[in-house]
Amino acid sequence: MSEQRYNVFNQIHKGLRGMLYDTALCIQQTDFTQSEARATVDQLEQVLHFFDEHAENEDQFILPHIRPHNAPLIDELEKDHDIDHQLTQTLLDQIRDWRATDAAAPRETIGQRLGYAFNEFIAFNLYHMNKEENVLMYLLWTHYTDAKIRQMEARILQSIPLPTLLAESRWMMRSINDKEVIEWLSGVKKEAPAPVFDTFLGIANDELPLERLARVQAALETE
Ligand SMILES: [Fe+2]
């Protein structure tokens, strides 16, 4: 059996997708004429911020390593990130317009437009993340060891502000399976100081249903 290679995109992309799906459902359930819609608008703005930062990190810390091996692919992925930027700007403009008015009729219209624009954003990003995991990742595997790929990831992690990292970790915890949670937390347990492990265990406590949490805790105790 061939050795399982490291998918550097798996966990962060699952977290980002979880956030996309959750936000899409929130948008569908939101009456944009009401001021309670503010929570949905805030969450939408946070998703956009996380995707923007994620794209920037990939542009800076991952794509340059593949450019010497496949420049056209990197051009395409960078162009995707530009298109994503335009989709994001459309949504940010709509968010600004929604916040600028109290009147029900324009708020409702903007809410509808927001929904359509976010669908475009989701569709584009689902294809884009698949491309990264189906094409870019195999090039990384061909040209770099897992140790080197983990170094690229470590540089990304170091560049993310702590509050963002913790908020993204919460979405990752909500969006991955038990095996992935166990691997993640046992890695933190082995490599990070105890208070860091406690923080991540706290996120698992907050986010996992009791049955899943019990399975994760049992697995961590046997390590
Ligand atoms: Fe990505």
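Because the structure is predicted, anything quoted here is derived from the model rather than measured.

**Focus on the overall build of the chain**
So, point 1. Tallying secondary structure elements over the chain gives 10 helices and zero strands in all.
So, point 2. Ordered by position from the N terminus, the helices and strands of the chain form the series α-α-α-α-α-α-α-α-α-α.
So, point 3. For the chain, the spread of C-alpha atoms along the three principal axes comes to 60 × 45 × 30 Å.
So, point 4. Sorting the 223 residues of the chain into buried and exposed places 46% on the buried side.
So, point 5. A sequence separation of at least 24 residues applies to 77% of the contacts in the chain between residues at least 6 apart.

**Thoughts on the domain arrangement of the chain**
So, point 1. Structurally, the chain comprises domain 1 (10-161) and domain 2 (177-223).
So, point 2. For domain 1 versus domain 2, the separation of C-alpha centres amounts to 27 Å.

**Observations concerning helix H4 (residues 71-100)**
So, point 1. Taking 1.5 Å of rise per residue, the 30 residues of H4 would be expected to cover 44 Å, and the 43 Å separating its terminal C-alpha atoms lies within 8% of that figure.
So, point 2. Listed in full, the buried residues belonging to H4 are Leu73, Ile74, Leu77, Asp80, His81, Asp84, Leu87, Thr88, Leu91, Gln94, Ile95 and Trp98.
So, point 3. Taken together, the buried residues of H4 touch helix H2 (37-61), helix H3 (63-66) and helix H5 (104-143).
So, point 4. For H4, the N-terminal capping position is held by Asn70, with its side-chain oxygen 3.1 Å away from the main-chain nitrogen of Leu73.

**A short note on the nonpolar core**
So, point 1. Leu20, Leu44, Leu91, Phe118, Phe121, Met173 and Leu185 are the most contacted members of the largest nonpolar core, which totals 43 residues.
So, point 2. Counting residues per element, the ones that place at least two in this core are helix H1 (10-29), H2, H4, H5, helix H7 (162-175), helix H8 (178-191), helix H9 (194-207) and helix H10 (210-221).
So, point 3. At eight residues, H5 tops the list of elements feeding residues into this core.
So, point 4. For this core, the two domains that each supply at least three residues are domain 1 (10-161) and domain 2 (177-223).
So, point 5. For Met173, the contacting residues outside a window of four places in its chain are Val181, Trp184, Leu185, Phe200, Ile203, Ala204, Glu207 and Leu208.
So, point 6. In this structure, Phe61, Leu140, Ile149 and Ile156 belong to the second largest nonpolar core, which totals 21 residues.

**Structural notes on the UniProt feature "domain: Hemerythrin-like" (unreviewed entry) in the chain**
So, point 1. Following the UniProt record, one finds the feature "domain: Hemerythrin-like" (unreviewed entry) at residues 8-138.
So, point 2. Helix makes up 87% of residues 8-138 and strand 0%, whereas the separation of the span's terminal C-alpha atoms amounts to 11 Å.

**Quick look at the packing of aromatic side chains**
So, point 1. Scanning the entire structure with this criterion turns up four aromatic pairs.
So, point 2. Centroid distance Phe51 to Phe121: 5.4 Å. Interplanar angle 80°. Geometry classified as edge-to-face. Of this pair, Phe51 sits in helix H2 while Phe121 sits in helix H5, placing them 70 residues apart in sequence. Phe121 shares its class with Phe51; the two are buried.
So, point 3. An angle of 65° between the planes, with centres 5.6 Å apart, marks the rings of Trp184 and Phe200 as edge-to-face.

**A look at the coordination of the iron ion**
So, point 1. With distances of 2.0 to 2.8 Å, the protein atoms coordinating the iron ion are His13 (NE2), His54 (NE2), Glu58 (OE), Glu58 (OE) and Glu132 (OE).
So, point 2. Between consecutive donors of the iron ion, the numbers of intervening residues give the motif H-x40-H-x3-E-x73-E. Of this pair, His13 sits in helix H1 while Glu58 is found in helix H2, placing the two residues 45 residues apart along the sequence.

**Digging into the side chain of Asn57**
So, point 1. Topologically, Asn57 is positioned in helix H2.
So, point 2. Judged by its relative accessible area of 9%, Asn57 falls in the buried class.
So, point 3. Beyond its immediate sequence surroundings of up to four residues, Asn57 is in contact with Ile62, Ile156, Ser159 and Ile160.

**Observations concerning the pattern of salt bridges**
So, point 1. Counted according to the given criterion, the structure contains 19 salt bridges.
So, point 2. Note that Asp97 is salt-bridged to Arg96, the shortest N-O span being 3.2 Å.
So, point 3. For Asp97, a relative accessible area of 34% puts it in the partly exposed group.
So, point 4. Three or more residues joined by partner-sharing salt bridges are found here, namely Arg170, Arg174, Asp206 and Glu207.

Conventions we followed
- In this numbering scheme, every chain counts its residues from 1 along its sequence in written order.
- Where totals are concerned, whole chains, interfaces and linings use all residues; where local detail is concerned, this predicted model gives features only for residues with pLDDT of at least 70, and gives and counts side-chain atom pairs only at 80 or more.
- The basis for every side-chain value is the complete set of heavy atoms in the structure, and neither hydrogens nor water enter the calculation.
- Secondary structure elements are defined from DSSP: runs of H or I of at least 4 residues count as helices, runs of E of at least 2 residues count as strands, and each element is numbered from the N terminus.
- Burial here depends on accessible area, computed with a 1.4 Å probe over protein chains only, as a share of the maximum for the residue type. Under 20% is buried, over 50% is exposed, and the range in between is partly exposed.
- Whether two residues touch is decided by their heavy atoms; if any such pair falls within 4.5 Å, the residues are in contact.
- Reported domain spans reflect what an automatic or database domain assignment gives.
- In a helix, the anticipated span is given by 1.5 Å times the number of residues less one.
- Counted as a polar contact is a pair of N or O atoms within 3.5 Å, where, for protein atoms, one must be capable of donating a hydrogen and the other of accepting one, and residues adjacent in sequence contribute only when both atoms are in side chains.
- What we call a nonpolar core is a set of buried Ala, Val, Leu, Ile, Met, Phe, Trp, Tyr and Cys residues that are connected through their side-chain atoms within 4.5 Å.
- UniProt positions are given in the numbering used here, feature names are shortened, and annotations may be inferred rather than shown by experiment.
- Under the pairing criterion, centres of Phe, Tyr and Trp rings, with the six-membered ring standing for Trp, must be within 6.5 Å; the plane angle then separates stacked pairs below 30 degrees from edge-to-face pairs above 60, leaving the rest tilted.
- In this description, a donor is an N, O or S atom within 2.8 Å of the metal centre, a cutoff extended to 3.2 Å for sodium, potassium and calcium. Water is not part of the atom list, which can make sites seem incomplete.
- The term salt bridge refers to a side-chain nitrogen of Lys or Arg lying within 4 Å of a carboxyl oxygen of Asp or Glu.

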